[in-house]
Amino acid sequence: MKPHFGPRRERRRPGRAVTRPGFERMESRQLLAVFTVTSASDSGAGTLRAEIELANSTAGLNTIDFAIGTGQKTITVKSPLPELTNPVIIDGTSQPGSSGRPAIEINGVGIVGDGLEIGAGGSTIDGLVVDGFTGSQIHIMSGADGNTIEGNSLGTDPTGTFSRAGSGAGLFIESDGNLIGGLSSNAVNVISGNGGDGVTINGSNNRLYGNVIGSNAGVSNPVANGGDGVRIIGGSGNSIGGAITGAGNTISGNRQNGVEIFTPGNSVQGNAIGTSIGASRIVSNIGNGLVIANAANNTIGGTVPLAANSIAGNEGNGVVIYGTGATGNLVFGNFIGTALNGSRVMGNSGDGLLLTGGASQNQIGGIYSSMQNVIGGNGGNGIDINNAALNVIQGNAIGTTPTGSQALGNAGSGIWVSGDSNLIGGLTPVMANVIRNNGTVGVTIAGGHRNAILNNSIYNNTLRGIITAHGANDQIAAPVVHSATAISGTTIIRGAMREQPKTDYLLQFFSNAALDPSGFGEGQTLIGQATINTRHSGYVKFQIIVPTSVPAGQIITAVATDPTGNSSAFSNGIKSVVQTVVKITKQHTSLQQAINLTSGNGIPTTTTTALSMTTETFLFGTGFRGTTVVGTVPTNIVPGNFNITGPNSTLG
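Residues numbered from 1 in each chain as written. Predicted model: local features only at pLDDT ≥ 70, side-chain atom pairs only at ≥ 80, totals over all residues. Heavy atoms only, no water.

**Section: the overall build of the chain**
The line we're drawing: Every helix listed is a DSSP run of H or I at least four residues long, and every strand listed is a run of E at least two residues long, numbered separately from the N terminus. A 1.4 Å probe rolled over the protein chains alone gives each residue an accessible area, and that area as a share of the maximum for its type sets the label: buried under 20%, exposed over 50%, partly exposed in between. It only takes one pair of heavy atoms within 4.5 Å for two residues to be counted as in contact. For the area figures, the Shrake-Rupley method with a 1.4 Å probe applies, and any residue is considered shielded solely by the protein chains shown.
Along its length, the chain carries 2 helices and 53 strands. With 652 residues in all, the chain has 56% of them scored as buried. Sequence-distant contacts in the chain: of pairs separated by 6 or more residues, those separated by 24 or more amount to 74%. Of the accessible surface of the chain, which amounts to about 24700 Å², a share of 53% is contributed by carbon and sulfur atoms.

Spelled out as structure tokens, the structure:
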């Protein structure tokens with residue numbers, strides 16, 4: 001039909017100097033044509049096909065709107081529609097009676113090819129249902145940059161409830177800088193029910209914000225895409241979600257993975273992958289939640305709350321990073337196997353996070369609390385490092401909420417390792433992982449060497465805190481702890497170690513509320529560390545003073561790490577014994593008088609002995625039974641000939 005024209009848009013010609021002659025020069029102005037679809041037929045005047053052809057032949061950014069009666073209308077096409085070769089806005093929301101859901105359906109059942117092919121950049125597709133085409137429902141072609149796709153349903157019937165698509169993708173992007181969806185609720189695309197991927201990206205700097213991919217609009221049931229929810233096969237700088245209110249996508253219910261990335265330098269933030277936004281229900285992806293396939297330097301999550309992904313409820317693993325090209329990827333601030341904030345277990349059926357196939361130098365978590373991943377409730381291990389090396393696992397909560405207030409145990413080990421030179425924790429406390437409540441071992445080193453386990457809090461796991469098996473970590477021997485005596489704000493730990501001769505070993509000592517049933521303890525709280533040398537014989541006895549007074553009855557354990565990074569299992573556990581120092585000065589003429597000075601502590605005596613006018617120091621063990629006398633002892637004092645009972649106290 002004949003176009004009408006919208007508001008004029010001023011455009012200055014490139015390179016023209018701004019001048020002010022005696023009269024004002026008129027700038028050239030482009031009138032924007034508006035073409036209206038008035039017929040639901042396939043061809044002829046007023047049809048979508050005819051209006052696309054008119055828009056293609058009219059210069060400038062044009063608009064195609066709709067006035068086909070009132071309410072929901074279906075345009076059934078009998079052959080592929082013309083490619084959009086000129087920038088255009090196709091506005092399905094203009095259809096009279098449109099309210100909330102797209103009111104114009106473009107149905108291509110039986111048509112071989114794509115639904116809408118965008119060959120010109122700067123176009124907008126808004127408020128359409130595009131379904132039934134055997135190819136992609138919308139195809140943004142190479143070189144057609146900077147388009148906006150919002151408020152559409154791609155691959156389902158108009159209600160967004162049933163699949164109505166062919167074998168292709170819902171949206172296939174081969175260009176750069178496109179915005180798919182948006183930050184407002186009316187910008188949401190439902191991209192579900194397609195035979196291939198929901199969205200396939202082969203371009204750079206594209207943004208996917210606020211979309212529903214793989215389920216119905218309400219995210220109550222899957223309307224599965226046959227492939228991945230989102231697959232990035234080319235380009236970089238693509239953002240799947242973002243750290244902005246409304247930017248997160250729901251990528252759930254797909255037959256393969258939620259997100260799969262084959263290229264470097266992309267980000268995935270703020271999404272619900274395997275659940276609904278807000279995690280009110282599980283809508284599983286049949287494969288893994290997120291896969292980084294042989295690709296480097298991708299970012300999953302972030303350091304602000306809105307960047308956190310909830311990757312939960314998937315039938316495979318939560319996150320998989322695999323391949324020798326998978327290096328430098330960052331995974332931090334996410335909830336893997338739980339709802340956001342760890343408030344509810346929604347475990348993935350496999351591991352929470354799997355590093356495999358030679359993946360190396362990836363960082364899981366970090367040194368700041370905002371980088372902590374919560375990894376819990378998964379059916380396998382929390383983190384599985386299988387044939388992967390040089391990865392860093394720091395600052396994560398594995399099997400627990402960030403505050404430790406709720407158990408979120410993984411069914412397997414907290415961390416399972418078969419690879420070389422991986423770092424679990426680090427040399428400073430801010431690098432520590434909390435690994436607790438898991439169904440088997442805290443950390444299993446099943447194979448590989450030089451895997452360092454440092455500074456972590458590992459306790460309340462069903463089996464031991466650390467196991468090294470099958471010669472892993474050079475089968476470094478655990479230290480043996482003989483005694484732990486708390487005195488005057490410190491704890492003296494005595495023990496021994498037999499390992500390689502003339503080698504320095506870092507010993508880290510931990511206190512625990514309870515002894516592991518195996519007798520070999522775990523490591524709840526780091527209390528100190530020291531380096532010992534095994535000398536020529538390879539055997540050394542040690543006496544280490546740590547700057548913490550451990551309460552009586554706490555269990556003390558130790559872990560040894562050699563210079564190359566091999567860490568041992570935990571040592572045996574020994575209960576701490578508290579000794580109290582009693583100083584008797586020249587002001588006291590008897591032990592009775594010294595004790596009387598502490599009567600406010602309620603310490604009774606049963607036996608006293610006269611003392612000379614000198615300063616003496618007495619050490620009393622647990623329960624204040626006199627056990628040791630230190631200092632110059634008067635001849636009339638025999639150690640042990642007095643008996644004191646009561647709480648710990650320092651006299652003098």
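Still more to cover.
**Topic: the sheet that holds strand S50 (residues 574–578)**
Quick note on the threshold: Here, a strand pair is defined by DSSP locating no fewer than two bridges between the strands. To define axes, lines are fitted to C-alpha atoms, for helices over the stretch in contact only, and angles between the resulting N-to-C directions are given on a 0 to 180 degree scale.
Ordered in space as S47-S46-S49-S50-S44-S45-S48, the 7 strands form an open sheet in which the pairing is mixed. Only two strands of the sheet have a single partner each, and these edge strands are strand S47 (525–533) and strand S48 (539–546). Within this sheet the neighbouring strands show an average axis-to-axis angle of 25 degrees, counted without direction. As judged from the 7 bridges shared by strand S44 (residues 480–487) and strand S45 (residues 490–498), these two strands associate in the antiparallel manner. Its bridge partner being in S45, Thr485 is matched across the sheet by Ile492.

**Points about the packing of aromatic side chains**
What counts here: Put simply, two rings from Phe, Tyr or Trp (the six-membered ring, in Trp's case) pair if the centres are within 6.5 Å, and we call them stacked under 30 degrees between planes, edge-to-face over 60, tilted for the rest.
Inspection of every chain in the model, using the stated rule, returns 2 aromatic pairs. Here the aromatic rings of Phe510 and Phe570 are separated by 5.6 Å at their centres, their planes lie at 85 degrees, and the arrangement is edge-to-face. A residue pair is termed long-range when its members are at least 10 positions apart, and Phe510 in strand S46 (residues 504–512) and Phe570 in the loop between strand S49 (555–561) and S50 qualify at 60 residues. Owing to a relative accessible area of 3%, Phe510 belongs among the buried residues under this scheme. Using a relative accessible area of 4% as the deciding quantity, one classes Phe570 as buried.

**Focus on unusual backbone geometry**
If you check the backbone angles, Arg450 has positive phi at about 60 degrees while not being a glycine. Along the polypeptide, Arg450 turns up in the loop between strand S40 (443–447) and strand S41 (452–454). Not every positive phi belongs to a glycine, and Asp474 is a case in point at roughly 55 degrees. With respect to the secondary-structure elements, Asp474 resides in the loop between strand S43 (466–468) and S44. Take Asp474: its relative accessible area is 48%, and that puts it in the partly exposed class.

**Looking at a nonpolar patch on the surface**
Rules: Residues with no salt bridge and a relative accessible area higher than 30% make up the patches, which join like charges within 9 Å and nonpolar side chains (Val, Leu, Ile, Met, Phe, Trp, Tyr) within 5 Å. By convention in these notes, a salt bridge is any Lys or Arg side-chain nitrogen within 4 Å of a carboxyl oxygen on Asp or Glu.
The grouping of Ile233, Phe262 and Tyr322 at the surface amounts to a nonpolar patch, some 240 Å² of accessible area in total. Relative to the elements of secondary structure, Ile233 occurs in strand S19 (residues 230–234).

**Regarding the side chain of Asn456**
We count it as follows: The definition of a polar contact used here is a pair of N or O atoms within 3.5 Å, where within protein one atom must be able to donate a hydrogen and the other to accept one, and adjacent residues in sequence count solely through side-chain atom pairs.
Locating Asn456 in the fold gives a position in the loop between S41 and strand S42 (457–459). On the accessibility criterion, Asn456 (3% relative accessible area) is buried. Among the polar contacts listed, one links the side chain of Asn456 to the backbone oxygen of Ile424, at a separation of 2.9 Å. Side-chain polar atoms of Asn456 contact the backbone nitrogen of Asn433, separated by 2.9 Å.

**A few points about the pattern of salt bridges**
In this structure the tally under the stated criterion is 7 salt bridges. When the shortest N-O distance is used, the salt bridge between Asp197 and Arg231 registers 3.5 Å. Taken together, the positions of Asp197 in the loop between strand S15 (190–191) and strand S16 (199–202) and Arg231 in strand S19 put the pair 34 residues apart, joining distant regions of the chain. Residue classification places Asp197 among the buried residues on the basis of a relative accessible area of 10%. Salt-bridge contacts for Arg450 lead to Asp420; the nearest nitrogen and oxygen are separated by 3.9 Å.

**Notes on the environment of Gln524**
Among the secondary structure elements, Gln524 is positioned in the loop between S46 and S47. The exposure class assigned to Gln524 is partly exposed, which follows from its relative accessible area of 25%. Separated by 33 residues in sequence, Gln524 and Thr557 place their C-alpha atoms 9.4 Å apart. Ignoring anything within four residues of it in the chain, the contact list for Gln524 reads Ser457, Ile458, Tyr459, Phe510, Ser511, Asn512 and Ala513.

**Quick notes on the side chain of Asn309**
Residue position: Asn309 is located in the loop between strand S26 (299–301) and strand S27 (310–311). The class for Asn309 is buried, based on a relative accessible area of 0%. Within polar-contact distance, the side chain of Asn309 engages the side chain of Asn334 at 3.0 Å. Aside from chain neighbours lying at most four places away, what touches Asn309 is Val268, Gln269, Gly270, Asn271, Ile300, Gly301, Asn334, Phe335 and Leu340.

**Let's talk about the pairing of strand S31 (residues 353–356)**
By the alternation rule, side chains of S31 split into Leu353 and Leu355 and Leu354 and Thr356, which are all buried. Bridge analysis of strand S28 (residues 319–322) against S31 gives 4 bridges, and the strand direction is parallel. In the strand pairing of S31, Tyr322 is matched with Thr356. Where S31 and strand S34 (residues 383–386) come together, 4 bridges link them in parallel fashion. Residue pairing across strands places Leu353 opposite Ile383, the latter belonging to S34.

**Looking at the confidence of the model for the chain**
Detailed reading of the predicted model is not advised wherever pLDDT is low. Applied cut-off: Confidence scores labelled pLDDT are given residue by residue by the predictor and lie between 0 and 100.
Considering every residue of the chain, the mean pLDDT works out to 86; 84% of them sit at 70 or more. With pLDDT under 50 throughout, residues 1–29 is counted as low confidence; its partners more than four residues away or in other chains account for 35 contacts. Note that pLDDT drops below 50 for residues 592–652; the model gives that stretch 125 contacts with residues more than four away or on any other chain.

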